[in-house]
Amino acid sequence: MVLQRFDMESVKPVGSTLLTNCKLSKEQYPKLRTEKAKMSKVPYASVVGSLMYAMVCTRPNIGYIVGVVSRYLSNLGREHWAVVKWILRYLRGTSSMCLRFGLGNPTLECYTDSDMSVDVDTIRSTSGYMMTYVGGAVSS
(Lines give C-alpha, C1' and ligand atoms only; values in the text may rest on other atoms or scores of the structure.)
Protein backbone atom coordinates (compact mmCIF):
# COMPACT_ATOMS: atom_id res chain seq x y z
CA MET A 1 0.00 0.00 0.00
CA VAL A 2 1.19 3.53 -0.77
CA LEU A 3 0.85 4.71 2.82
CA GLN A 4 3.05 1.94 4.18
CA ARG A 5 5.67 2.37 1.47
CA PHE A 6 6.23 6.01 2.42
CA ASP A 7 5.73 5.56 6.19
CA MET A 8 2.46 7.50 6.27
CA GLU A 9 0.07 4.85 7.64
CA SER A 10 -0.16 6.53 11.06
CA VAL A 11 -0.69 10.14 9.91
CA LYS A 12 -3.73 12.12 10.94
CA PRO A 13 -6.41 11.52 8.28
CA VAL A 14 -8.24 14.32 6.43
CA GLY A 15 -11.54 14.27 4.58
CA SER A 16 -10.81 16.43 1.52
CA THR A 17 -8.37 15.97 -1.37
CA LEU A 18 -6.91 19.48 -1.31
CA LEU A 19 -5.95 22.13 1.16
CA THR A 20 -8.36 25.05 0.98
CA ASN A 21 -7.08 28.06 -0.95
CA CYS A 22 -3.97 26.18 -2.05
CA LYS A 23 -2.51 27.38 -5.33
CA LEU A 24 0.69 25.76 -6.50
CA SER A 25 3.04 27.57 -8.85
CA LYS A 26 6.60 27.65 -10.15
CA GLU A 27 7.26 30.62 -7.85
CA GLN A 28 7.23 28.20 -4.90
CA TYR A 29 10.40 26.48 -6.12
CA PRO A 30 13.29 26.60 -3.64
CA LYS A 31 15.57 29.60 -4.13
CA LEU A 32 18.38 28.85 -1.67
CA ARG A 33 20.98 26.19 -2.33
CA THR A 34 20.41 24.59 1.09
CA GLU A 35 16.67 24.36 0.50
CA LYS A 36 17.26 22.83 -2.97
CA ALA A 37 19.56 20.23 -1.43
CA LYS A 38 16.98 19.40 1.23
CA MET A 39 14.15 19.06 -1.29
CA SER A 40 16.28 16.85 -3.57
CA LYS A 41 16.19 14.18 -0.83
CA VAL A 42 12.37 14.10 -0.80
CA PRO A 43 10.90 11.07 -2.66
CA TYR A 44 8.44 13.35 -4.49
CA ALA A 45 8.55 11.65 -7.90
CA SER A 46 8.19 8.22 -6.36
CA VAL A 47 5.20 9.26 -4.26
CA VAL A 48 3.51 11.01 -7.19
CA GLY A 49 4.08 7.93 -9.37
CA SER A 50 2.49 5.74 -6.70
CA LEU A 51 -0.44 8.16 -6.47
CA MET A 52 -0.86 7.96 -10.25
CA TYR A 53 -0.99 4.19 -10.05
CA ALA A 54 -3.57 4.34 -7.25
CA MET A 55 -5.56 6.91 -9.23
CA VAL A 56 -5.70 4.76 -12.36
CA CYS A 57 -6.43 1.49 -10.58
CA THR A 58 -8.71 2.31 -7.66
CA ARG A 59 -8.97 6.02 -6.82
CA PRO A 60 -10.25 8.09 -9.77
CA ASN A 61 -11.34 10.80 -7.32
CA ILE A 62 -7.75 11.99 -6.83
CA GLY A 63 -7.14 12.42 -10.57
CA TYR A 64 -7.29 16.21 -10.65
CA ILE A 65 -4.97 16.89 -7.73
CA VAL A 66 -2.46 14.22 -8.82
CA GLY A 67 -2.35 15.93 -12.22
CA VAL A 68 -1.62 19.25 -10.52
CA VAL A 69 1.21 17.95 -8.31
CA SER A 70 2.76 16.05 -11.22
CA ARG A 71 3.55 19.39 -12.92
CA TYR A 72 6.31 20.01 -10.37
CA LEU A 73 8.29 16.76 -10.62
CA SER A 74 11.47 18.41 -11.85
CA ASN A 75 11.78 21.16 -9.25
CA LEU A 76 9.63 21.01 -6.18
CA GLY A 77 9.24 23.27 -3.19
CA ARG A 78 7.97 22.79 0.34
CA GLU A 79 4.42 23.73 -0.66
CA HIS A 80 4.37 21.08 -3.40
CA TRP A 81 5.54 18.42 -0.95
CA ALA A 82 2.96 19.57 1.62
CA VAL A 83 0.15 19.01 -0.89
CA VAL A 84 1.44 15.52 -1.74
CA LYS A 85 1.51 14.65 1.96
CA TRP A 86 -2.03 16.03 2.24
CA ILE A 87 -3.15 13.64 -0.52
CA LEU A 88 -1.60 10.75 1.41
CA ARG A 89 -3.48 11.89 4.52
CA TYR A 90 -6.66 11.93 2.44
CA LEU A 91 -5.99 8.36 1.31
CA ARG A 92 -5.46 7.42 4.95
CA GLY A 93 -8.82 8.96 5.91
CA THR A 94 -10.71 7.28 3.08
CA SER A 95 -8.93 3.91 2.96
CA SER A 96 -12.11 2.03 3.81
CA MET A 97 -14.04 3.59 0.92
CA CYS A 98 -14.59 1.60 -2.24
CA LEU A 99 -16.30 1.85 -5.59
CA ARG A 100 -19.80 0.50 -5.44
CA PHE A 101 -22.08 0.09 -8.39
CA GLY A 102 -25.78 0.50 -7.81
CA LEU A 103 -28.50 -1.93 -8.69
CA GLY A 104 -30.29 0.46 -11.03
CA ASN A 105 -30.36 0.68 -14.78
CA PRO A 106 -26.95 0.09 -16.38
CA THR A 107 -26.39 3.66 -17.57
CA LEU A 108 -23.15 5.40 -18.39
CA GLU A 109 -23.07 9.10 -17.45
CA CYS A 110 -20.39 11.69 -18.08
CA TYR A 111 -19.90 14.96 -16.20
CA THR A 112 -17.54 17.75 -17.22
CA ASP A 113 -16.29 20.92 -15.61
CA SER A 114 -13.81 23.65 -16.45
CA ASP A 115 -12.03 26.47 -14.70
CA MET A 116 -10.69 29.48 -16.50
CA SER A 117 -7.08 30.36 -15.68
CA VAL A 118 -6.69 28.07 -12.65
CA ASP A 119 -3.02 27.42 -13.49
CA VAL A 120 -1.31 30.45 -11.97
CA ASP A 121 1.90 29.86 -13.96
CA THR A 122 0.47 29.77 -17.48
CA ILE A 123 -2.97 31.34 -16.90
CA ARG A 124 -4.45 28.50 -18.94
CA SER A 125 -7.86 27.01 -18.51
CA THR A 126 -8.25 23.49 -17.23
CA SER A 127 -11.04 21.02 -17.59
CA GLY A 128 -11.95 17.65 -16.22
CA TYR A 129 -14.49 14.91 -16.55
CA MET A 130 -15.90 12.00 -14.63
CA MET A 131 -17.71 9.00 -16.02
CA THR A 132 -20.01 6.88 -13.88
CA TYR A 133 -21.57 3.51 -14.55
CA VAL A 134 -24.61 2.59 -12.46
CA GLY A 135 -23.62 5.38 -10.05
CA GLY A 136 -19.98 4.34 -9.50
CA ALA A 137 -17.06 6.40 -10.86
CA VAL A 138 -15.15 4.49 -13.54
CA SER A 139 -12.98 7.18 -15.10
CA SER A 140 -11.89 10.75 -14.41
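From a predicted model like this one, the values you see are computed outputs, not experimental measurements.

Q: Can you lay out the sheet that holds strand β3 (residues 136-139) for me, pointing to particular residues and giving the numbers?
A: In space, the three strands of this open sheet follow the order β1-β2-β3, with antiparallel pairing throughout. Only two strands of the sheet have a single partner each, and these edge strands are β1 (108-115) and β3. Averaged over all adjacent pairs, the angle separating strand axes in this sheet is 35 degrees, with direction ignored. Bridge count for β1 against strand β2 (residues 126-133) is eight bridges, and the pairing is antiparallel. Paired with S114 across the strands is S127, a residue of β2.

Q: Explain the nonpolar core residue by residue, including any values.
A: Counting residues in each nonpolar core, the largest one holds 29 residues, and the members touching the most others are Y44, L51, V69, W81, V84 and L88. Elements with a contribution of two residues or more to this core: α1 (2-5), α3 (44-57), α4 (63-69) and α5 (78-93). Contact partners of Y44, with chain neighbours within four places excluded, come to V69, Y72, L73, L76, H80, W81 and V84.

Q: Tell me about the pairing of β3, residues and numbers included.
A: Summarising the sheet, β2 and β3 pair through three bridges and their orientation is antiparallel. What sits directly across from T132, in β3, is A137. Counting the residues in the hairpin turn of β2 and β3 gives two residues, including V134, whose phi is positive at 50 degrees.

Q: Describe the packing of α3 against α5, with residues and values.
A: A pair of packed helices can be characterised by two numbers: the angle between their axes and the separation between those axes. Interaxial distance between α3 and α5 falls to 11 Å at its minimum, and their mutual angle equals 40 degrees. Here the hand of the crossing between α3 and α5 comes out left-handed. Touching Y44, V47, V48 and L51 of α3 are H80, W81, V84, I87, L88 and L91, all from α5. Looking at the contact of α3 with α5 residue by residue, the class counts come to nine nonpolar, one polar and no charged.

Q: Any details on the confidence of the model for the chain? Residues and values, ideally.
A: Residues at a pLDDT of 70 or more form 93% of the chain, whose mean pLDDT is 82. Taking the mean pLDDT of every element in the chain, the minimum, 76, falls on β3 and the maximum, 89, on α3.

Cut-offs and rules
Residues numbered from 1 in each chain as written. Predicted model: local features only at pLDDT ≥ 70, side-chain atom pairs only at ≥ 80, totals over all residues. Heavy atoms only, no water. Pairing = 2+ DSSP bridges. Helix = DSSP H or I, 4+ residues; strand = E, 2+ residues; numbered from the N terminus. Axes fitted to C-alpha atoms, helices over the stretch in contact; angles between N-to-C directions. Core = buried A, V, L, I, M, F, W, Y, C linked by side-chain atoms within 4.5 Å. Buried < 20%, exposed > 50% of the residue type's maximum accessible area, 1.4 Å probe, protein only. Contact = heavy atoms within 4.5 Å. Left-handed = near helix turned anticlockwise from the far one by under 90°. Nonpolar A, V, L, I, M, F, W, Y, C, P; charged D, E, K, R; others polar. pLDDT = per-residue confidence, 0-100.

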